[in-house]
There are 2 protein chains.
Amino acid sequence: MLTFYDAPVSGNTYKVRLLLRQLAIPHEAVRLDIVGGEVRAKEFRKVNPFGRVPFIVEDGFALAESNAILLYLGRGSRLLPGDVRAQGLVQQWMFFEQNQVETALGLPRLWRKFGVEQDPALFEHYRPRAVAALKVLERHLAQRDWFVGDAYSVADIALFAYSQMAPDAGHDLGQFPAVSVWMDRVRAQPGWFSLE
Amino acid sequence: MLTFYDAPVSGNTYKVRLLLRQLAIPHEAVRLDIVGGEVRAKEFRKVNPFGRVPFIVEDGFALAESNAILLYLGRGSRLLPGDVRAQGLVQQWMFFEQNQVETALGLPRLWRKFGVEQDPALFEHYRPRAVAALKVLERHLAQRDWFVGDAYSVADIALFAYSQMAPDAGHDLGQFPAVSVWMDRVRAQPGWFSLE
């Protein structure tokens, strides 16, 4: 049996929720409260030393990190190409997402959404990083429908989760038309649902 | 033939350099100057739309992102376990590295090393993030020698690259004895060489 530790608000948990639905994987969901501190609480840390969500446990095997979970649960499915080089590209985009997209869009979105006071220097730090990352996505998507090959994959799920937050993070998606059209393409996938 | 676009200074290129040496993979290295701007230059962007290093091209197949490159080049070798769950854990630690360790230690280290003036708010932002990440590594390594299983793997290479920068980023490794001992273990691996 698969147990999925979930929480609202987070784009990282959303990725796993979407995959589980789109691949119709049976599981039990445990919903935690990030804002209220349940995720960092000692009780959860005993189960999950990372103290973060998403987190899964499958027959005693515990795995953290959203993209590692997508790759693990997606193996052998239509959402993860079997070819070694295509898998390399999927991983390339997923590492890019965690390094360049997730924090640069996710943190400013979180601060704005919940009215967290932050030094303006932090917004100024993340803003050009987010724009540079969105430009990389835009250039790629101007020439193709999906991030890897000719089909929707876990790379699209990972990149969608935080790209969709661009407006809430203060960016104008009108500047990124190919990203916008790709997002509509993702939203049209069977089983898709919105973050909130 | 494999071409490896390399650059000094970067911890991400160091990872790939180390893997290539430790697995004795034949390749041609093209060394670029990050600080002088060669990596972001138009000429390189034609080859590599990410405009970043490391970057590899193997018989026309191009791959960016250090950890994706480690996973691709490491497949089937002693540095990447073949078991699906072990691979999941390797990826878990590599995503954690790119999301929690690389920027939190890498950026402050870069700013301090090259005397880049930055708003103190940025150092204050990254400091607790780095400490939290180092604590996760410390708790894990207090109970085992390597990140995954009983052997040195690409997960150790990835995490070593930026953990070693902790002192340059202003952190006292004396607070993290298990991390320090693990680093010595990495340094004792055949073929290991220092970043600079």
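Here's a quick rundown of the structure. (Residues numbered from 1 in each chain as written. Chains lettered and ligands numbered in written order. Predicted model: local features only at pLDDT ≥ 70, side-chain atom pairs only at ≥ 80, totals over all residues. Heavy atoms only, no water.)

A few words now on the nonpolar core. In this structure, A:Trp93, A:Trp182, B:Trp93 and B:Trp182 are the most contacted members of the largest nonpolar core, which totals 145 residues. What A:Trp182 contacts, discounting residues up to four positions off in sequence, is A:Leu141, A:Asp145, A:Trp146, A:Phe147, A:Asp156, A:Leu159, A:Phe160 and A:Ser163. (Core = buried A, V, L, I, M, F, W, Y, C linked by side-chain atoms within 4.5 Å. Buried < 20%, exposed > 50% of the residue type's maximum accessible area, 1.4 Å probe, protein only. Contact = heavy atoms within 4.5 Å.)

Time to look at the pairing of strand β4 (residues 61-64) of chain A. All names here are of chain A. Bridge count between strand β3 (residues 55-58) and β4: 4 bridges; the pairing is antiparallel. Residue pairing across strands places Ile56 opposite Leu63, the latter belonging to β4. Counted between consecutive antiparallel strands, the loop separating β3 from β4 contains 2 residues, among which Asp59 sits at a positive phi close to 50 degrees. (Pairing = 2+ DSSP bridges. Helix = DSSP H or I, 4+ residues; strand = E, 2+ residues; numbered from the N terminus.)

On to unusual backbone geometry, then. A cis amide bond, omega 0 degrees, links A:Val53 with the succeeding residue A:Pro54. With respect to the helices, strands and loops of the structure, A:Pro54 is situated in the loop between α2 (42-47) and β3. With phi around 50 degrees, A:Ala24 is a residue other than glycine that occupies positive phi space. Relative to the elements of secondary structure, A:Ala24 occurs in the loop between α1 (11-22) and β2 (28-31). Note on A:Ala24: relative accessible area 63%, which makes it exposed. A positive phi is found at B:Asp59, a non-glycine position, where the angle reads about 45 degrees. Relative to the helices and strands, B:Asp59 resides in the loop between β3 (55-58) and β4 (61-64).

The interface of chain B with chain A comprises 41 residues on the first partner and 41 residues on the second. The largest per-residue losses of area from chain B upon contact with chain A belong to B:Phe50, B:Arg85 and B:Phe95, which jointly make up 21% of the total buried on that side. Between B:Arg85 and A:Glu58 there is a salt bridge; the shortest N-O distance is 3.0 Å. Put simply, chain B and chain A have 17 residue pairs in polar contact (both at pLDDT 80 or more) between them. Looking at the side of chain B that touches chain A, the elements that each hand over two or more residues are β4, α3 (66-74), α4 (84-113) and α5 (120-141) of chain B. Counting residues per element, the side of chain B that touches chain A draws most heavily on α4(B), which supplies 17 residues. Looking at the side of chain B that touches chain A, its residues break down into 21 nonpolar, 9 polar and 11 charged. (Buried area = accessible area lost by both parts, 1.4 Å probe. Salt bridge = Lys/Arg side-chain N within 4 Å of Asp/Glu carboxyl O. Polar contact = N/O pair within 3.5 Å; in protein donor to acceptor, adjacent residues only side chain to side chain. Nonpolar A, V, L, I, M, F, W, Y, C, P; charged D, E, K, R; others polar.)

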